[in-house]
Amino acid sequence: MKKTMLLSLLLLGALSAEATVNVAATTSNLGMLVRTIGGDAVKVTVLAPPDRDPHFLQAKPSMMIALRNADLLVSVGAELEQGWLPSALSGASNPKILVGQPGYFEACAQVPLIDKADAADRSRGDVHPMGNPHVFLDPERMSEIGRALAGRLAQLDPAGGARFKASAEQFATKAGERVAQWKKTAAGAPGVVLYHKDANYLLALLGAPILGYIEPLPGIPPSADHLSRLVGQLKGRRGAILFTDYQSAQGPDFLASQARLAEGPAGAGGPAEGRRFGLLRHDRRLGQGRRLGPVMADPLLSYREVVAGYTGPVVGPVSFDLHPGDVLALVGPNGCGKSTLIGALTGASRILSGEVVRGDGLSIAYQRQRPVRDTDVPLRADELLHLTRADAEPPESLRPLLGLRVDRLSGGQFQLLNVWACLGGEARLVVLDEPTNNMDPSAVRALADLLHASRSDRAVLVVTHDARFLDGVSARILEVGR
Amino acid sequence: MRFPFPFAGAAVALALALAIPAVGQDAPDERKALEEKLRALEEKQEETKKALEALKASLEAPPPAPRSTGPVEAPGLKPLDLGSSGSTGQVSSGTSFNPALSVIPEGLYYNDNRSGGAAGLFGAADGFAGTPVGEGRDLSRGLNLGETELTFSGAVDPYFDVTAIAAFATDGVGIEEAYGRTRSLPAGLAVKAGKFYSDVGYANKQHPHQWDFVDQNLPYEILLGGGLNDVGVQVTWLPKAPVYLLLGVEAFQGDNPGVANVLGPDANPAFADGAGPRLFTGFAKVSPDIGYSDALQIGLFGGRSSLHQEQTEQEGLDGTAWFAGTDWVFKHDSPEPFGKNDLVFQAEYLYRDKSLDRVAAEDPALVGRPSTARQDGFYVQGTWGFAPRFTVSGRYDAVGAFVNQIDLGDLGSTGYDASRRISAALTFNPTEFSRLRAQFNRGDAVIGGVRESFSQFFLQYQLSLGVHGAHKF
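Residues numbered from 1 in each chain as written. Chains lettered and ligands numbered in written order. Predicted model: local features only at pLDDT ≥ 70, side-chain atom pairs only at ≥ 80, totals over all residues. Heavy atoms only, no water.

J.: Describe the packing of aromatic side chains, listing the residues and the values that go with them.
T.: Residue and element names in this part refer to chain B. Within the structure shown, the criterion is met by 14 aromatic pairs over all chains. Ring geometry for Phe-122 against Phe-454: centres 5.6 Å apart, planes inclined by 80°, an arrangement best described as edge-to-face. Taken as a pair, Phe-122 in the loop between β2 (106–112) and β3 (142–145) and Phe-454 in strand β19 (residues 450–463) lie far apart in primary sequence, 332 residues in all. On the basis of relative accessible area, Phe-122 is assigned to the buried category, the value being 4%. For Phe-454, a relative accessible area of 1% corresponds to the buried category. The interplanar angle of 40° and the centroid separation of 6.2 Å between the aromatic rings of Tyr-349 and Phe-402 together place this pair among those described as tilted. (Phe/Tyr/Trp six-rings, centres within 6.5 Å; stacked < 30°, edge-to-face > 60°. Helix = DSSP H or I, 4+ residues; strand = E, 2+ residues; numbered from the N terminus. Buried < 20%, exposed > 50% of the residue type's maximum accessible area, 1.4 Å probe, protein only.)

What follows is the structure in structure tokens.
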């Protein structure tokens, strides 16, 4: 009898144990895909942050332990991670995730690739002879990869099979809707100069022509000679230059400035306008996995080509989307118009063109730049939080302050309390205007921790003149007034 | 291929027009039969016409969509037929059944202010003179071809990987490493067997082309015979844990100038002849996760050799040796392009203890007396990517740094001064596959109590041809 009970207890234990699939994803975009499709049934570790070039990484011990603990490795493949993943895999001593095992999933092995090279010759740069591995910027291929991934996850966790499949289809539907929208937006686009061959799939999908590459050859940094030739080729044309965080801004800046010069002196003949090359830096600082949630969810807030000001324009046009889980920092020197931009949301300034679109039923908590400290009604800190309906459990750094009267707090402590008054509530969008004002370094660290631990169903918009405190926070940075 | 239909119709009509008058005047039933024939022909013509139209239409229309890709319609994108759970394969340009191959030639220009003898000064330094040390780089002043490394690697079967690295020098070929390693042992275990660089310390397992400097650091060069590379077996264990902890033990045959110099009775009849394995080592490496951008690895290691022999003109020494040390590595990986602002700091400390007996000597009175050497060494070095593709490195290393004691039992014991060196290197990596380096060394070795200082200058190129070598941590 005892034995049976023990056995059934053991069985119960086995059944109730979480059937989580540990997934190691090499890049954050694949991490997003795994999380979107796997939901609660997966635990994802992203090996490389989005601001790193996945070509050039080092096999670090932290990667090896992530691979050691993984049931499934999801990589981009087609030799994109050739420089580090084999070494990390060998160091991980995990036979479950070797090539050919159910634990090995390579995105590029699931879809057809473009740009197959006819020769594997490195004098043509760091070529990938089997095709362009940068499939992750192609929503259609990502949808296909998602479907294959759902099948694979179902193999590892059969109980979740139907759910994975539904999520993959949902992802594909959402992506498809986006693609239709993007195609419309990109219709008739004059063309794009890429830094590296990393957006080719997307541009092929959108039908936007590629006008050239900043790199003379894949993996070779731009030379002055190559850039000047490029300027010559692009003379008189319009377009955008697309590059990412880990690609040097020097080449794109040079090209943009030269293309501007190509506008030519007045009276030189030919159209004087429309020859500019805009710089687009696609910001991939999405940060650690947690925030990579369903980026396909509808944005909480969209700025579309907003020009804001008072009597005349001060700042803009600015566009961005804020999704749940995002932390977006508007950064720029004092007087660059950051607060004016926020004013467009709160009504303190005027929207002169463009539009600000709020998500349905969006609740906003706004922390002003100089919070009013009312000394006539000396509230205690916890009372202030109660009044502002910041009912969430306050973090460690705030607890010593709770019993104190707000007029006894230092400027930095009061500021931190105000930040929590916004973050501790239920608002889905929190706007913080210069939150580091009056703060000493320890309060700034506490603030960064608060932002880091921000809920994944809300977005935070931070206005600041100094983004350094966001270093440890997975935030997107939008430089204003550049 | 498209058939001009009106032309075909005209041809049929013409044929009919020619045929009918020839038989027109015959009996009415014949005429009836003819009329029927004509009707049949007209019907047939109509059919042909329809068929041709259909063919034409099918040629002009786009081909039917092969399979719906769901809500995302991509005309050019046909998903690969992979079954329900996707491919477990790899998209690779490597030839699956042949080993991955790479060739790394190296060339050097060298000069020093000691008529080419600067590199040998540390081997003659107090405390180390007459003892076996690493062979060093053995460069002549002027142009040199370094060793050309030829690497083969690949999976043998589902159970083993093999790596074989041969070093081609102008005077012959040596096996640098040749080992098999298990692929599929459970529980994070791996076994390696063959000739290989030991995993003790941090710099030990690096090949010369992975060094941040042209030459090996002093503690490895002088105390470990240039690095521990021997025939042996290694077992490592990486437990499933939140933090990286690697534990390993190794058994080597025992053939290393620094700690397991085995000469045998052939060199001196008084020397013992011990069977292998004679050198056992152990190591532990731990690496806390300190974020994406930074990595820290701390290691402890040690080893003991059951046989170490040294032979000079005057005497023969026979005994045992052990060593222990610690290695620290910190790396910062900056998001900036081409290694800009990447940082590497590494430091190792190595202690070696040789307990030897004088088994033969010119002066028979000395036979049987002990000779114990307790010596240490360390290096600290840093590398900074000050510009894209450019790094600058600095190193300070010393042997006999804190302890340099030779103990001759009741004949007394002598402590010697440290010999040391400072190095600076500038490296340019045009791509991941090529490297150009300039290095300057300034050092002083204590010889007979006198500091003998020297300067060395190196220019080096390394070119890596073949498969993409993986960057080990």
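J.: Please provide a residue-by-residue account of the pattern of salt bridges, values included.
T.: The final tally for this structure, using the stated rule, is 25 salt bridges over all chains. When the shortest N-O distance is used, the salt bridge between Glu-383 of chain A and Arg-380 of chain A registers 3.7 Å. Residue Arg-421 of chain B pairs with Asp-215 of chain B through a salt bridge whose shortest N-O separation is 3.3 Å. Taken as a pair, Arg-421 of chain B in strand β17 (residues 419–431) and Asp-215 of chain B in the loop between β7 (189–197) and α3 (218–223) lie far apart in primary sequence, 206 residues in all. For the pair Arg-421 of chain B and Asp-215 of chain B, a shared accessibility class is recorded, and that class is buried. Bridged by salt links that share partners, the residues Asp-215, Arg-395, Asp-397 and Arg-421 of chain B form one connected network. (Salt bridge = Lys/Arg side-chain N within 4 Å of Asp/Glu carboxyl O.)

J.: Got a sec to walk through the interface of chain A and chain B? Specific residues and values, please.
T.: Each partner contributes residues to the interface: chain A has 66 residues there, and chain B has 64 residues. Buried area between chain A and chain B, both sides added, is near 5400 Å², and the carbon and sulfur share of it is 56%. If you look at where chain A meets chain B, you find 1 salt bridge. Note that Arg-52 of chain A is salt-bridged to Asp-333 of chain B, the shortest N-O span being 3.8 Å. Counting only elements with at least two residues in the side of chain A that touches chain B, the list comes to α3 (61–68), α4 (85–92), β4 (104–106), α5 (139–156) and α6 (161–186) of chain A. (Contact = heavy atoms within 4.5 Å. Buried area = accessible area lost by both parts, 1.4 Å probe.)

J.: Give me the lowdown on a nonpolar patch on the surface, citing residues and values where you can.
T.: Residues and elements named next belong to chain B. Together, Leu-189, Val-233, Val-235, Trp-237, Leu-245, Leu-247 and Val-249 make up a nonpolar patch on the protein surface, roughly 520 Å² of accessible area in all. Those elements that provide at least two residues to the nonpolar patch are β8 (229–237) and β9 (244–252). If you trace the backbone, Leu-189 turns up in strand β7. (Patch = residues over 30% accessible without salt bridge, like charges linked within 9 Å, V, L, I, M, F, W, Y side chains within 5 Å. Areas by Shrake-Rupley, 256 points an atom, 1.4 Å probe, with all protein chains shown as cover.)

J.: Any chance you could break down the confidence of the model for chain B for me, citing the residues and the numbers?
T.: All names here are of chain B. When pLDDT is averaged along chain B, the result is 85, and 87% of the positions lie at 70 or above. Within the model, the stretch residues 1–24 combines pLDDT values under 50 with 11 contacts to residues more than four positions away or in other chains. Scored below 50 in pLDDT, residues 63–73 shows 18 contacts in the model against residues more than four places distant or in partner chains. (pLDDT = per-residue confidence, 0-100.)

J.: Any details on the environment of Arg-389 of chain A? Residues and values, ideally.
T.: All names here are of chain A. Note that Arg-389 resides in the loop between α11 (381–387) and α12 (411–423). When the C-alpha atoms of Arg-389 and Cys-422 are compared, they prove to be 8.8 Å apart, with 33 residues separating the residues in sequence. Setting aside residues up to four positions removed in sequence, Arg-389 forms contacts with Gly-424 and Gly-425.

J.: Before we move on, can you summarise α4 of chain A with the specific residues and values?
T.: Residues and elements named next belong to chain A. Most of α4 sits out of view: 6 of its 8 residues are buried. Among the residues of α4, Leu-85, Ser-87, Ala-88, Leu-89, Gly-91 and Ala-92 are the ones counted as buried. As for α4, its buried residues are in contact with α3 and β3 (72–75). Two residues or fewer after α4 comes Ser-93, characterised by a positive phi angle close to 45°.

J.: Provide a residue-level description of the nonpolar core, including the pertinent values.
T.: Of all hydrophobic cores here, the largest spans 55 residues; its most connected members are Leu-47, Leu-67 and Leu-73 of chain A together with Leu-228, Leu-279 and Phe-323 of chain B. Per element, the largest residue contribution to this core is 5 residues, and it comes from α3 of chain A. Beyond its immediate stretch of four places on either side in the chain, Leu-47 of chain A contacts Ala-24, Ala-25, Thr-26, Met-63, Ala-66, Leu-67, Trp-84 and Leu-85 of chain A together with Tyr-292 of chain B. (Core = buried A, V, L, I, M, F, W, Y, C linked by side-chain atoms within 4.5 Å.)

J.: Talk me through unusual backbone geometry; I want residue IDs and the actual numbers.
T.: Residue and element names in this part refer to chain B. Here the amide bond leading from Gly-276 into Pro-277 is cis, since omega sits at -5°, within 30 degrees of zero. For Pro-277, the position within the fold is in the loop between β9 and β10 (279–287). Phi angles above zero are rare outside glycine, and Phe-338 is one such case at about 50°. Despite not being glycine, Arg-389 has its phi angle at roughly 75°, a positive value. Mapped onto the elements, Arg-389 comes out in the loop between β14 (370–387) and β15 (390–407).

J.: Go over helix α2 (residues 28–38) of chain A with me, naming the residues and quoting the values.
T.: Residue and element names in this part refer to chain A. The element α2 is extensively covered by neighbouring structure, given that 10 of its 11 residues are classed as buried. Along α2, the residues that are buried comprise Ser-28, Asn-29, Leu-30, Gly-31, Met-32, Leu-33, Val-34, Arg-35, Ile-37 and Gly-38. Considering only its buried residues, α2 is in contact with β1 (21–25), β2 (42–46), β3, α5 and α6. Positive backbone phi, approximately 60°, marks Gly-39, located one or two places after α2.

J.: Summarise the packing of α2 of chain A against α6 of chain A; cite the residues concerned and give the values.
T.: All names here are of chain A. Taken N-terminus to C-terminus, the directions of α2 and α6 make an angle of 125°; their axes are 7 Å apart at the nearest point. As far as their axial angle goes, α6 and α2 are oblique. Contacts between α2 and α6 involve Met-32, Leu-33, Thr-36, Ile-37 and Gly-38 on the former and, on the latter, Arg-163, Phe-164, Ser-167, Ala-168 and Phe-171. Tallied by class, residues from the contact of α2 with α6 come to 6 nonpolar, 3 polar and 1 charged. (Axes fitted to C-alpha atoms, helices over the stretch in contact; angles between N-to-C directions. Parallel < 35°, antiparallel > 145°, perpendicular 65-115°, else oblique. Nonpolar A, V, L, I, M, F, W, Y, C, P; charged D, E, K, R; others polar.)

J.: So what's going on with the sheet that holds strand β13 (residues 364–367) of chain A? Residues and values would help.
T.: Residues and elements named next belong to chain A. An order of β13-β14-β15-β11-β16 is seen for the 5 strands of this open sheet, with the pairing classed as parallel. The open sheet has two free edges, formed respectively by β13 and β16 (476–479), since each of these has just one partner strand. Ignoring strand direction, the axes of neighbouring strands in this sheet form an average angle of 15°. Note: strand β11 (residues 327–331) against strand β15 (residues 459–464), 5 bridges, orientation parallel. Pairing of Val-327 across the sheet is with Val-460, part of β15. α12 contacts β13, β14 (429–433) and β15 of the sheet and is inclined by roughly 170° relative to β13. (Pairing = 2+ DSSP bridges.)

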